[in-house]
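# Inside the fold
The residues making up each chain are set out below.
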Amino acid sequence: MPSVSILIPCFNAERWVAQAIHSALDQTHEDKEVIVVDDGSTDGSLDVIKSFGNQIRWETGPNRGGNAARNRLLELATGEWVQFLDADDYLESDKISKQLKAVEAQAEPVDVIYSPVISEVWYDSAAIERSESEVSVNASLHEQWIRWQVAQTGSVMWRREALVSIGGWNEAYPCCQDNEVTLRAIKHGLKFHYCPDAGAVYRIWSEDTVCRKDPGRVVQHKTQLIEQMMDWLVSQNKLTKEVEAAAGQAFFEMARTLAKYDLAAAENYKTERISAGWYLPSGAAAPWHYRLAHSIGGFSFAEKLAAWRRG
């Protein structure tokens, strides 16, 4: 039975961290350790962590950021596999056992196991919406990654030595951190395996989290990452029409995201993407009425009309 380290970075998550720890301890996979690094919390998180006693290992230090905490956890881990879990998320009890079972019969060693993620939207003190993310199972890993279907932190398990071999988490990266580390893993040739069982729960409860408080920054870094993937695929002679279409759709979706906050910036972004050759109004973000407005009056007209429809 492979050993697993469940690794929880925590910063000011007093409200949630107990559930994260309980969900780690309650994993049906028996050979496990739970380690928590408090990243300089200023609320009561550390007291909650200490209350678990010797059921877990923990340490605390000054605030250095989420990826620094994850790298420290990676240093402390002893398991063959590592499961990262943000302190405001949690795991279903059989998440780890199902993912490990999925790779038992693989002929070649697997380095990364990924699955869909369950999103919970919270309002006040209750979950008001729960949904499972889509994974395009017939698409290539490259296309899945561009569609942001591979990397959510809690949904992935890593073979510890493989993650160490690519340098761990990039402490200089401010957002899209899970997508950045999985991009490096793909470029380094790590072996990925898809498990269809969703077992990680991503809680959406605040607009002030790393990936939600600054949409413009997220668009900037997501764009840079997808461009890096496209450039790498070109260099490896692996770029396909399907991947190009996925990138064009992703850039279109980001233009629409920007338009909600700054239409002029979104128009400039759209023009840049068209000049680069990757811009495709399609998918769920381009329903028929949007495409019609876009064909009649262009992007800005379609966005103004969409804003009016939203009220």
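This write-up is about the structure you can find in this document. Every chain is numbered independently, its residues counted from 1 as its sequence is written. Local features in a predicted model are, by the rule used here, given only for residues with pLDDT of at least 70; side-chain atom pairs are given and counted only at 80 or more, and totals for whole chains, interfaces and linings are based on all residues. Each side-chain value is worked out from all heavy atoms of the structure, with water and hydrogens disregarded.

## Brief notes about the overall build of the chain
Put simply, the rule is: Helix and strand labels come from DSSP, where a helix needs a run of H or I of at least four residues and a strand needs a run of E of at least two; each type is numbered from the N terminus. Radius of gyration: over C-alpha atoms. The globule rule applied is 2.2 Å multiplied by the number of residues raised to the 0.38 power. Note on exposure labels: buried denotes an accessible area under 20% of the residue type's maximum, exposed denotes more than 50%, and partly exposed covers the range between, all computed with a 1.4 Å probe on protein chains only. Any two residues whose heavy atoms approach within 4.5 Å at even a single point are treated as in contact. Calculation of accessible area relied on Shrake-Rupley with a 1.4 Å probe; when residues are assessed, cover is drawn exclusively from the protein chains displayed. For the purpose of counting charges, residues Lys and Arg are taken to be positive, whereas Asp and Glu are taken to be negative. His and the chain ends are not included. Every charge is mapped onto a representative atom, which is NZ of Lys, CZ of Arg, CG of Asp or CD of Glu.
Regarding its fold elements, the chain presents 11 helices and 11 strands. At 20 Å, the chain has a C-alpha radius of gyration in line with the 19 Å of a compact globule built from 311 residues. Principal-axis analysis of the C-alpha atoms places the extent of the chain at approximately 65 × 45 × 30 Å. A total of 311 residues make up the chain; the buried ones form 50% of that total. A fraction of 74% describes how many contacts in the chain between residues 6 or more apart in sequence connect residues 24 or more apart. When the accessible surface of the chain is summed, it comes to about 14800 Å², and 49% of that surface belongs to carbon and sulfur atoms. Computed over 32 positive and 43 negative side-chain charges, the separation of the two mean positions in the chain equals 4 Å.

## Some words on the nonpolar core
Rules: Within this scheme, the nonpolar core is defined by two criteria: the residues are buried Ala, Val, Leu, Ile, Met, Phe, Trp, Tyr or Cys, and they are joined through side-chain atoms within 4.5 Å.
By size, the foremost hydrophobic cluster in this structure holds 57 residues, and its most contacted members are F84, W145, I146, W158, L163 and I226. In terms of residue count, helix α9 (residues 241-259) provides more of this core than any other element does, 10 residues in total. Dropping the residues within four chain positions of it, L163 is found in contact with L74, V82, F84, W158, G168, W169 and V181. Listed in part, the 28 residues of the second largest apolar core include C10, V103, V110 and M157.

## A look at the packing of helix α10 (residues 263-276) against helix α11 (residues 288-310)
The cut-off we apply is this: As a rule, the C-alpha atoms of each element are fitted with a line to give its axis, helices using only the stretch in contact, and angles between N-to-C directions run from 0 to 180 degrees. Each angle receives one of four descriptions, namely roughly parallel if under 35 degrees, roughly antiparallel if over 145, roughly perpendicular if within 65 to 115, and oblique otherwise. For a crossing to be left-handed, the near helix must be turned anticlockwise from the far one by less than a right angle; the clockwise case is right-handed. As a working rule, the residues Ala, Val, Leu, Ile, Met, Phe, Trp, Tyr, Cys and Pro are called nonpolar, Asp, Glu, Lys and Arg charged, and the rest polar, with Gly in that last group.
The contact between α10 and α11 brings their axes to 10 Å, and the two run at 140°. Relative to α11, the element α10 lies oblique. Handedness of the crossing formed by α10 with α11: right-handed. From α10, L263, A266, E267 and K270 reach across to α11, where they touch F299, S300, E303 and K304. For the contact of α10 with α11, the per-class residue count stands at 3 nonpolar, 1 polar and 4 charged.

## Points about the environment of W145
Its place among the elements puts W145 in helix α5 (residues 141-146). With relative accessibility at 0%, the residue W145 sits in the buried group. Along the backbone, W145 and R64 are 81 residues apart, and their C-alpha atoms lie at a distance of 28 Å. In this view, W145 contacts V150, N179, T182, L183, I186, L225, I226 and M229; residues no more than four positions away in its chain are not counted.

## Concerning the pattern of salt bridges
Just so we agree on the cut-off: Any carboxyl oxygen of Asp or Glu that lies within 4 Å of a side-chain nitrogen of Lys or Arg is treated as forming a salt bridge with it.
Scanning all chains against the criterion turns up 13 salt bridges. Between E180 and R184 there is a salt bridge, with the nearest N and O atoms lying 2.8 Å from each other. Of this pair, E180 and R184 both sit in helix α7 (residues 177-187), 4 residues apart, which is roughly one turn of the helix. The exposure class assigned to E180 is buried, which follows from its relative accessible area of 8%. Using a relative accessible area of 17% as the deciding quantity, one classes R184 as buried.

## As for α7
Of all 11 residues in α7, 10 are buried; the element is thus mostly enclosed. If you check which residues of α7 are buried, you get Q177, D178, N179, E180, V181, T182, L183, R184, A185 and I186. Considering only its buried residues, α7 is in contact with α3 (66-76), α5, β9 (157-159), α6 (160-165), β10 (192-194) and α8 (215-235). Residue G189 follows α7 closely and has a positive phi angle near 85°.

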